[in-house]
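Examining the three-dimensional arrangement
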Amino acid sequence: MSLWLLLAVNSVTLGGLLFLLSAGFSLIFGLMRIPNLTHGSLFMLGAYFGASFVIRYHLPFWLAAILAGLLVAAFGGLIERFLLRRLAGSEQAQVLVTLGISFMVADFCLMVWTGDPISVATPPGLVGAAHIGALIFPIYRLAIIAIAVVIAAALWLLLDRTRLGAMIRAGVDDPQMARVVGIRVSRLFTIVFCLGAGLAGFAGMMGAPILSVYPGLDADMLPLALVVVILGGAGSLPGSLVGSFIIGFLYNFGQALLPELAYFVLFLPMVLVLVLRPQGLFGRPVT
Amino acid sequence: MGIRVNRRKFLAGTAAVAGVASFPMPAIAQNKPVKIGLLTVKTGPLAAGGVQMEAGVVTLLKQRNYMMAGRKVEFISADTGGNPAGAKTKAQELVERDQVDVILGPLAAFELLAISDYVAESKTPMLSLAAAEDVTQRKPNPYFVRASATSSQAMKPLADYAAKEMKLKTVATISEDFAFGYEQMGGFQQVFEDNGGRVMKKLWPPLVTADYTPYLVQLTGVDAVVQGFAGSNPVKFMKQYSDQGLKLPVLGGETAGDDAQLKSFGDEAIGMISACPYTIDLDTPVNKRFIADFQKEADNLPGFYAAGLYVNGQVVEAALKATGGKTSDRPALIKALRAVQLTETPRGPVKFDHFGNVIGNIFIRRIEKGKDGKLTNRTLKTYTNVGQFWPYEEAKFLAQPVYSRDFPPLKS
Amino acid sequence: MSGKRVALALALLALLTAPFWVGGVYYVNIVSQILIYAVFAMGVNILLGYAGLVSLGHAGLFGIAAYATAIALSAGLPHSAAILVALIATVAGTAVFAVLALRATGIGFIMITLALGQIIWGLAYRWISLTRGDNGVNVVARPEILGLSLASAEAFYYATLAVFLLAVAVCAIFVASPFGASLKGVRDQPRRMNALGYHVWGIRFCACLFSGLLTGIAGILFVYYTQFISPQSLSLTSSAEVVLMVISGGSGTLLGPLAGAALVVVIKNVASAYIERWNMLLGAIFVAIVIFMPEGLVPGTTRLVRRLFKGRAARAAEDARP
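What you see is a predicted model, and the numbers here were worked out from it, not measured in a lab. Sequence order as written defines the numbering, with residues in each chain counted from 1. Both sets of labels track the order of writing: A upward for chains, 1 upward for ligands. Selection of residues for local features in this predicted model requires a pLDDT of at least 70, selection of side-chain atom pairs for listing and counting requires 80 or more, and totals for whole chains, interfaces and linings are taken over all residues.

1. Side note on the overall build of chain B
- Across its full length, chain B holds 12 helices and 14 strands.
- Atoms considered for the radius of gyration are the C-alpha atoms alone. The globule rule reads 2.2 Å times the number of residues to the power 0.38. A compact globule built from 412 residues should have a C-alpha radius of gyration of about 22 Å, and chain B, at 21 Å, falls within 12% of that.
- The buried share among the 412 residues of chain B stands at 59%. Each helix is a run of H or I in the DSSP string that is no shorter than four residues. Each strand is a run of E no shorter than two, and both are numbered from the N terminus. Residue burial here comes from a neighbour count, namely the number of other C-beta atoms, placed from the backbone, that lie within 10 Å of the residue's own C-beta, with 20 or more meaning buried, 12 or fewer meaning exposed, and in between meaning partly exposed.

The following block contains the structure:
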C-alpha cells in the first residue's frame, strides 16, 4: 500500500535528520561524558545564523550552513574552554551550566531575531519532489539521508582511522595515561566539544528547510536528540545512527497508525528499552 | 542591546516593596490615572503574538496621547511567560499590587482558564483574545469581554464559504491536539455538514510536532484541507505540506493566515484561504491609520493579535466615556463595556452579546503576492454581524456540548 | 556554629513575620510560592543531593498530586479526603516510577525519569475524560483549618509556612538518621555498601518514596495556591526548573532548596516586572553560580561568610594548609 511505502521512506529521511541532530550530542557525551544540555540551543542558534546568512546576506545555502556550523563550533569551544573545563566530573554543575547557557542562548535568539518564525527556502537543485510511480518523495529529504550517511562515515573514519581519533579515544579511556605519553588531553576535549557543537549548528541549518526556525525549536528538538542517543546507546556513533532510524520508524508509523498514542510513541519504547537494557541498544553494559 | 528596563519605573517598584503601598492615599478620584494592565507573553514560543498584543495597545494609547475620557492612562504590561501559573501570578500582580482598573489579555486559552475565576472574584473587567468558547457560553464569566472571536466564530463562516462558494464536498481537517484546535474544527464541521459537505477525517498532531509527514500522507481522497494551526506551526506546516507535493487547496483559521505572519511564509502559502475577524486590506481610514501608526511602533505589520488589542483598547475608551471616566463602580464599568457599540474600528463595526462576546465582521481572504513582491491577504467576502452562535440560535447552540475532539462526531 | 544558629533564627523570624514587612498581598503570595517550590525542591533534593540520582521527571509526580486533589474535589470529596487520595496516588505513582527508574543509575536514571515524566505529561493531555486535557481543572475553594478559611493570602501563607517548616524538620531528621547515613553511603560507595550487607536497591527505593511524598505535598499546596492545574505544570521545563533550583541552591544541604526556589521564583515573577530579558538574567546567574560557587548558593555563601569573619591569621593558616 502506498501509505506504508511513504511512511517507510519518510522514516528513513527523518532518521537521517535525527542523526544529524544527535550526532553532536552523542560525540560529546560518548567521549567526554558530559550531557550537553545546551545542544538544542546550539542547534537553534545554527539555524538562526544560517537563516540570516541566506536571507540577509544572500549567501548560498551550503556556505551558510558551513559558516553557521563554524560559528557555533567557535561558541562551543568558548563554553568548553572557560566553563566546562573546570567542572570535570561534577555532573550537577555541568547540568546547571549547560541549562543556564541554553536559557541565555534562547533569550538571545529571541532578542535578535524576534519571535516571528523564519522559513528557509530549500536549496536550489533540491527543490520539489521525486515522483516514483504514484508516490512522491521530497528531494531535499532524500538528500538529508545522503548527508547523514556521509557525516556518519566521516566521523567513524576520524575516530577509528586517524591519529587524532586515536588520541581522542585514548584521552577518553585513560586521561592520566594519555597525558603521560604526551597527549594534550585538555586541547583534545576542546576540539571534541567544538566538533560536537559545530555538528549541532550545521544540523540546525540542514533541518531549517524542513522545520523552519522559531523560538522554542531548542526545547522541541532536545528531547528527540536525547531519545535517539539513549536508545542507540550513549556514546556509540553506530548506535546513534541505528537509533535515529528506529526513532524515525517509531515516529512515523506510531503517529499515523496510533494517533491516540501520539504523545507516547517515543517515550514508551524508550522506557521499555531502558528498563530491559539500561545501557541502550548499543551501549556498553554498565557494571 | 543590553538588558532593557521596561515601562514600569524601577523606583516605583522598590517603593512598593518597602511598603509605601500601604500608606493611605487621598481620594482624588478624577485626577488619578486610569490603570490598564496587560497580560501578555514576551518570552518563549508565544512571544510573537504577545509582542503584537502590546504594540497594538501602545499604538492606540499613543494615538490618544495616553488620555481616555479626560483621564490620564497608566499602562502596565506583564509577561506571563505563556503558562497558567505565570498568568495567575501576573494577574495577581496587576490586581493586588498595581490595582489596575481593567485587564487586557491574556493571550492563550489555558492562561485564561487559570485566572478567570480569580479575576471575576476581584471584579476586574477583563478583555481578552483567548478564544476558549465556554468563557462566554456554558461557564460564563460576568466580568469578561471578548472583542476578537471565539475559536469557532471565524471558522463557521469559512465553512459556509467553502460549501456555498467554493462548492467543496469533502474535506479533511488537521489541527493541533488541544482545545483551540478542537473548537475551531468542530465549528467548521458543523456548518460544513449542515450545508451538504462532509468531513472525512480529522487529524490531531500534538502541539509540538517536528515532522507532520505522518499526517500529511493521510490527506488524500478529499477536495480540500482545513487547518487551524497557531503560533509558529502554520509556517512549518505549509512548508512541509508543499514539500510533500500536496496540491489540495488549504483553508485556515485566524491564526493560520495571520497578516503579521505572512512575511514568514514562502511562496507555498499563496492561495491559502483564511477566515479572520481582522484583515489588513480593509480599506477604511481608521484601519489605514492603525496600520501606519503600528508600523512606526513595532516595525512590523499588524495582525490578528495587534488589531484585537487595539479594538479592546477602543472598547475600554468608549466605556470610560459612557461612565464619565469613573472606574470605581466595577459593575457599572462592565455593564458599560458590554454596552459598547463602535463602527470605526480597524475591523469594522463591533457590538457585544449578553455574554460579552463580540458580534462583528468575519473576513474571508486569500493569500496572494502583492505588487511589491510580498505576500498579503486579499479579502474575497465579508460576513457581517457574525456572533458566537452564528448561524445557529443561541438556545440550540448552548444545548449541545462544547466542541471537542469527538464532537461533532465523524459521520460513519 | 552559633553564628549559623543566629542566622537561622533570624531567617525563621523573617518568615514568621513576612506578611508584615514584604509590602503587600502580592509579595505575600510570592513568598508562599517560594515555600511551595522549596518543598518541591526538597523532594527532588532527597534523590539528587542525598542519593545522587538526578530526576528529570518529578514534575510528573508533582502533577499527579495536583490533579488527584483537583479531580477528587470536583468529584465532590471533602478537602481532607481529597488530600489523602492525592497523597496515596502520588506515593503509588512514585512506587511505579521508582521500580522502573531504579533499573539504571547515572545518565540512564536521568533518561528514564525524563521519559516517565513525559509519559505522565502526555497522559494529562490525552486522558481528557479524567483531566479535561489542556483546559485544566479548577479548584473552586481552599480548605478551612479549624474554622479559619485559607482564602486570604496571609492565612494561606501561614498554612504553607507550617507545612514547609514541618517538611524541613522531617528532612533534618531523615538526613541525620541511620537511614540517611546509609543513603549517603549508597550514593558515594554503592559497591562497598552492598558488600557490607546493605540492600542498595531497597534503600534507594525508600528514598524515592520519601521524595515522592514531599513532592506530592508540594503539588497539593500548589493546586490550592493557584486553584488551577493543567498539563503545562507537568512539562519537562518544570522538571528541569526544580532540578536547577536544587543544584543552584546547593544539593545535599537542608536549606539549599529554599535558596534555589527563592532565586528562581523571584527572578521569574518579580524581576520579570522590571527586566524584559529576565530569562537571560536567570541563565547568567546560573552560570555565575557555577563559576563562583559551584557547590551552590547556601554552601558557597556559608564559605564566604566564614572566610570574612575569620581573622587574617587564621585565613593565612587555612590557605597554607596542603
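2. Notes on the overall build of chain C
- A count of helices and strands for chain C gives 16 helices and 4 strands.
- When the backbone C-alpha atoms are referred to their principal axes, chain C occupies close to 65 × 55 × 40 Å.
- By the burial criterion, 54% of the 322 residues in chain C qualify as buried.
- Within chain C, counting contacts between residues at least 6 apart in sequence, those at least 24 apart form 73% of the total. Residues are scored as being in contact if the C-beta atoms we place from backbone atoms lie within 7 Å.

3. Remarks on helix 6 (residues 179–194) of chain B
Residue and element names in this part refer to chain B.
- Compared with an ideal rise of 1.5 Å per residue, which puts 16 residues at 22 Å, helix 6 spans 22 Å between its outermost C-alpha atoms and is within 8% of the ideal.
- Burial within helix 6 is extensive, with 14 of its 16 residues counted as buried.
- Two residues or fewer past helix 6, G196 is found with a positive phi of approximately 90°. Between the first and last residue of a helix there are one fewer steps than residues, each counted as 1.5 Å, and that sum is the expected span.

4. Remarks on helix 13 (residues 256–270) of chain C
- Between its first and last C-alpha, helix 13 of chain C extends 20 Å over 15 residues, near the 21 Å set by a 1.5 Å rise per residue.
- In terms of burial, helix 13 of chain C is a largely internal element, 12 of the 15 residues being buried.
- Those residues of helix 13 of chain C lying buried are G256, P257, L258, A259, G260, A261, A262, L263, V264, V265, K268 and N269 of chain C.
- Considering only its buried residues, helix 13 of chain C is in contact with helix 3 (84–97) of chain B together with helix 3 (25–50), helix 12 (236–249), helix 14 (278–292) and helix 15 (297–309) of chain C.

5. Examining the sheet that holds strand 5 (residues 126–127) of chain B
All names here are of chain B.
- Strand order in the open sheet made by the 6 strands is 2-3-1-4-5-6, with mixed pairing throughout. Edge positions in the open sheet fall to strand 2 (67–68) and strand 6 (144–145), since each of these has one partner strand only.
- Bridging between strand 2 and strand 3 (residues 71–79) involves 2 bridges; their strand directions are antiparallel. Note that in strand 3 the partner of M68 across the bridge is R71. Strands were regarded as paired on the criterion that DSSP finds at least two bridges between them.

6. Observations regarding unusual backbone geometry
- For the bond from G105 of chain B to P106 of chain B, the omega torsion is 5°, close enough to zero to count as cis.
- Along the polypeptide, P106 of chain B turns up in the loop between strand 4 (102–104) and helix 4 (109–121).
- Geometrically, the link from F407 of chain B to P408 of chain B is a cis peptide bond, its omega value of -5° lying close to zero.
- Checked against the element boundaries, P408 of chain B lands in the segment after helix 12 (394–399).
- Even without being glycine, A69 of chain B reaches a positive phi, approximately 50°.
- Mapped onto the elements of the fold, A69 of chain B is located in the loop between strand 2 and strand 3.
- A positive phi is found at Q227 of chain C, a non-glycine position, where the angle reads about 60°.
- Take Q227 of chain C: it is sitting in the loop between helix 11 (200–226) and strand 4 (228–229).

7. A look at the interface of chain C and chain A
- With 35 residues of chain C at the contact, the number on the chain A side is 33 residues.
- Counting residues per element, the ones that place at least two in the side of chain C that touches chain A are helix 6 (107–126), helix 12 and helix 14 of chain C.
- The biggest single contributor to the side of chain C that touches chain A is helix 6 of chain C, with 12 residues.
- In the scheme used here, Gly and all other residues not listed as nonpolar or charged are polar, with Ala, Val, Leu, Ile, Met, Phe, Trp, Tyr, Cys and Pro taken as nonpolar and Asp, Glu, Lys and Arg as charged. Residue composition of the side of chain C that touches chain A, grouped by class: 24 nonpolar, 8 polar and 3 charged.

8. Details of the pairing of strand 3 of chain B
Residue and element names in this part refer to chain B.
- As paired elements, strand 1 (residues 34–40) and strand 3 share 7 bridges and run parallel to each other. Residue pairing in the sheet places L39 in a bridge with A78 of strand 3.
- Here strand 2 hands over to strand 3 after 2 residues, with A69 in that stretch at a positive phi of 50°.

9. Points about the confidence of the model for chain C
- On average, residues of chain C score 90 in pLDDT, and 97% of them reach the 70 mark or higher.
- Scored as a complex, the prediction yields pTM 0.90 and ipTM 0.90. For every residue, the pLDDT score states the predictor's confidence, bounded by 0 at the bottom and 100 at the top.

10. Some remarks on the pairing of strand 9 (residues 224–227) of chain B
All names here are of chain B.
- Two strands pair when backbone bridges link them, and strand 7 (residues 170–174) and strand 9 are joined in this way by 4 bridges, in the parallel orientation. Note on strand 9: the bridge partner recorded for V171 is A224.
- Taken together, the 3 bridges between strand 9 and strand 10 (residues 250–252) define a ladder with parallel strand orientation. Among the inter-strand pairings, V225 is bridged to a residue of strand 10, identified as V250.
- Seen with its strands pointing away from the viewer, a crossover is right-handed when the path leading from the first strand over the helix to the second is clockwise. For the segment spanning strand 9, helix 8 (residues 233–243) and strand 10, crossover handedness is right-handed.

11. Observations regarding the environment of A178 of chain A
Residues and elements named next belong to chain A.
- Mapping A178 onto the fold places it in helix 7 (residues 175–180).
- Taking the C-beta count within 10 Å as the criterion, A178 has 19 such neighbours and is therefore assigned partly exposed.
- A sequence separation of 73 residues divides A178 from Y251, and the C-alpha atoms of the two residues are 42 Å apart.
- Setting aside residues up to four positions removed in sequence, A178 forms contacts with A170, G171, I183 and V185.

12. Observations regarding the domain arrangement of chain B
All names here are of chain B.
- Where each domain starts and ends comes from a domain assignment, either automatic or drawn from a database. For chain B, the assigned domains are domain 1 (30–150 + 283–360) and domain 2 (155–277 + 361–399).
- For domain 1 versus domain 2, the separation of C-alpha centres amounts to 26 Å.
- Every contact between the two is made by 25 residues of domain 1 and, on the other side, 19 residues of domain 2.
- Those elements giving two or more residues to the side of domain 1 that touches domain 2 turn out to be helix 10 (304–322) and strand 13 (358–369).
- Of the residues assigned to the side of domain 1 that touches domain 2, the class counts are 11 nonpolar, 10 polar and 4 charged.

13. Considerations on the nonpolar core
- Connectivity within a nonpolar core runs through C-beta atoms within 7 Å, and the core itself is a set of buried Ala, Val, Leu, Ile, Met, Phe, Trp, Tyr and Cys residues. Grouped together as the largest cluster of nonpolar side chains are 334 residues, with contacts concentrated most on V39 and V243 of chain C.
- Residue contributions to this core peak at 19 residues, all from helix 3 of chain C.
- Formed jointly, this core draws a minimum of three residues from each of two domains, domain 1 (30–150 + 283–360) and domain 2 (155–277 + 361–399) of chain B.
- With residues up to four places along the chain from it excluded, the contact list for V39 of chain C reads V163, F164, A167, L214, I217, A218 and L221 of chain C.

14. Regarding the confidence of the model for chain B
- Confidence in the prediction of chain B, expressed as mean pLDDT, is 90, and 92% of residues score 70 or more.
- Across residues 11–28 of chain B, confidence stays below pLDDT 50; counting only partners more than four residues off in sequence or on other chains, it has 15 contacts.

15. A short note on the environment of F108 of chain A
Residue and element names in this part refer to chain A.
- Mapped onto the elements of the fold, F108 is located in helix 4 (residues 91–113).
- You can call F108 partly exposed: it has 18 C-beta atoms within 10 Å.
- Considered as a pair, F108 and L142 are 34 residues apart in the sequence and their alpha carbons are 33 Å apart.

16. Observations concerning the packing of helix 5 (residues 139–161) of chain A against helix 6 (residues 163–173) of chain A
All names here are of chain A.
- With their axes 5 Å apart at the nearest point, helix 5 and helix 6 run at an angle of 70° to one another. Between helix 5 and helix 6, the angle is such that the two are roughly perpendicular. For the pair helix 5 and helix 6, contact is made by L158, L159, D160 and R161 and by L164, G165, I168 and R169, respectively. Axis lines are fitted to C-alpha atoms, over the contacting stretch for helices. Their N-to-C directions set the angle, which ranges from 0 to 180 degrees. Reported orientations rely on four angle classes, namely roughly parallel under 35 degrees, roughly antiparallel over 145, roughly perpendicular from 65 to 115, and oblique for the rest.

17. Focus: the packing of helix 5 (residues 79–101) of chain C against helix 11 of chain C
Residue and element names in this part refer to chain C.
- Running from amino to carboxyl end, helix 5 crosses helix 11 at an angle of 145°, the nearest separation of the two axes being 8 Å. For the pair helix 5 and helix 11, the sense of crossing is right-handed. In contact with I83, A86, L87, T90, V91, T94, A95 and A98 of helix 5, helix 11 contributes F205, C208, L209, G212, L213, T215, G216, G219 and I220.
- When its residues are assigned to classes, the contact of helix 5 with helix 11 shows 11 nonpolar, 6 polar and no charged. Take the far helix as your reference; a near helix turned counterclockwise from it by less than a right angle gives a left-handed crossing, and one turned clockwise gives a right-handed crossing.

18. A few points about the environment of T94 of chain C
Residue and element names in this part refer to chain C.
- The residue T94 is located in helix 5 in this model.
- Separated by 133 residues in the primary sequence, T94 and Q227 place their C-alpha atoms 24 Å from one another.
- Dropping the residues within four chain positions of it, T94 is found in contact with L61, C208, L209 and G212.

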